[in-house]
Amino acid sequence: MSSPLVITGMGMVSPLGCGVNASWERLLAGRSGVSSISRFETGELPIKVAGSVPGMESDPEAGFDPDRVADAKERRKMELFSLYAMAAADEALTQANWFPSSDEDRLATATIVGSGIGGFPTITQAQNTLTTRGHRRLSPFTVPAFLANLAAGNVSIRYSLRGPLGCPVTACAAGVQAIGDGMRMIRSGEAEVALVGGAEACIDPLSLASFHAMKALSTEQAAPAKASRPFDQARNGFVMGEGAGLLVIETLAHAEARGATPLAFLSGYGTSADAHHITAGPEDGAGAAAAIRAALRMAGLAPEAIDHINAHATSTPVGDRAEIASLRNAFGDALPGIPISATKSATGHLLGAAGGVESIFSALAAIQDRLPPTLNLEHVDADLSDLNFVSGEAREHRCRHVLCNGFGFGGVNAALIVSKA
């Protein structure tokens, strides 16, 4: 029997702050990382709030300091999503104590960092430069900055990780799929250790305006912290977020051989396609349910063995309902007994980084037997009243196995099961 897969390191940059502990404790305390946009003038754009990563000036305790990640010369070549990935990678690798120095270990380490959009702000800025100042004024680093795989590339270069390099660009499922890809590579023998997760930073006027054109974003202005309201009757769209969440994963045997501490098990993973519609899943949730069932099969678990669900729940009526349909499809009569959290209520939707960040929240729930609250859930949809939502405040609850979902445009579905070590 092959050795089980374990998490030995975790790193995070989120709207709640930089670092896993800061983000997790603030999440449990019911704090919101959603605030008014101050990075640029929103003007006539009706989108006024976002889940922005705080800077040191607004959050001296856990703000993001780019100077700690890269010097000014390096930063000219990188987009923000790469910087977030670099910060998360340093935290995860430090906790795992994995800084390979031999050629053998470097070649055995995979780097898989998904992203939904990559360096979108660089693209919009470059187009503006081209239009107003001409092609000669474009930076030679434009392309290397915006390519979605450059978060993985920059991390790999910094730490000389020479194993498989990858970047699922599968919208909001990218972070979970990156973890699944890393699991497969270890199982197949392509790698012994994998740094996996997602990174995103596209709080940008064009991306916000584009999602607004789809009527996908919340237009809340007066109370930013109330804007993200998964499963609540008053929800009116998702809140754009940003950040990165990365895990170091390996087999238990490999971790024990080098003296690393297993934090949690990666028990199951599944992925599927709706093959239905570019932005909406089927009403019965069959596609997402197939991914959940595949994860349960890999883990060897019955549906009722799941103790907690960290839902994808973006705070859009169509998306939330589709996910609940998939959960009812996969769990049947067991679903009302399983506590459900929607942590995007506190962070907004980090697109391709969501799965990385939320997989860490899921692991921490299993490690600590604490369930994060769903903020702003005051009036649940009438047809969801039978479900066990964790709302208002965090909850103590025995967690052996936690399900984390990630679904994306194009009908891509991914599900991960994290278990207590």
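Residues numbered from 1 in each chain as written. Predicted model: local features only at pLDDT ≥ 70, side-chain atom pairs only at ≥ 80, totals over all residues. Heavy atoms only, no water.

As annotated in an unreviewed UniProt entry, the chain carries the name 3-oxoacyl-[acyl-carrier-protein] synthase 2 and comes from Chromohalobacter canadensis. Its UniProt record, at the heading Sequence similarities (unreviewed entry), says of the chain: "Belongs to the thiolase-like superfamily. Beta-ketoacyl-ACP synthases family." Quoted verbatim from the Pathway (unreviewed entry) field of UniProt, the annotation for the chain is "Lipid metabolism; fatty acid biosynthesis." (UniProt positions renumbered as here; feature names shortened; annotations may be inferred.)

**Student:** Is there a simple way to think about the overall build of the chain in this case?
**Tutor:** A count of helical and extended segments in the chain gives 14 helices and 15 strands. In terms of overall size, the chain behaves like a compact globule, its C-alpha atoms giving a radius of gyration of 20 Å where 421 residues would be expected to give roughly 22 Å. Each principal axis of the C-alpha atoms in the chain carries an extent, and together these give about 65 × 55 × 40 Å. Counting across all 421 residues of the chain, residues that qualify as buried make up 59%. For the chain, the exposed area adds up to about 16,200 Å²; of that, 52% sits on carbon and sulfur atoms. (Helix = DSSP H or I, 4+ residues; strand = E, 2+ residues; numbered from the N terminus. Rg over C-alpha atoms; globule rule 2.2 N^0.38 Å. Buried < 20%, exposed > 50% of the residue type's maximum accessible area, 1.4 Å probe, protein only. Areas by Shrake-Rupley, 256 points an atom, 1.4 Å probe, with all protein chains shown as cover.)

**Student:** Explanation requested: unusual backbone geometry in the structure shown.
**Tutor:** Phi is positive for Ala-275, close to 50°, though the residue is something other than glycine. Locating Ala-275 in the fold gives a position in the loop between strand 9 (264-273) and helix 11 (286-299). Its relative accessible area of 76% is what places Ala-275 among the exposed residues. In this structure, Leu-351 is a non-glycine residue whose phi angle is positive, near 50°. With respect to the helices and strands, the residue Leu-351 is situated in the loop between helix 13 (344-347) and helix 14 (354-368).

**Student:** What is the right way to look at the side chain of Ser-14 in this model?
**Tutor:** In this fold, Ser-14 is placed in strand 1 (residues 5-14). By relative accessible area, which is 0% here, Ser-14 ends up buried. Within the structure, the side chain of Ser-14 is placed 2.9 Å from the side chain of Ser-23, a separation counted as a polar contact. When sequence neighbours within four positions are dropped, the list of residues in contact with Ser-14 reads Ser-23, Val-53, Pro-54 and Glu-242. (Polar contact = N/O pair within 3.5 Å; in protein donor to acceptor, adjacent residues only side chain to side chain. Contact = heavy atoms within 4.5 Å.)

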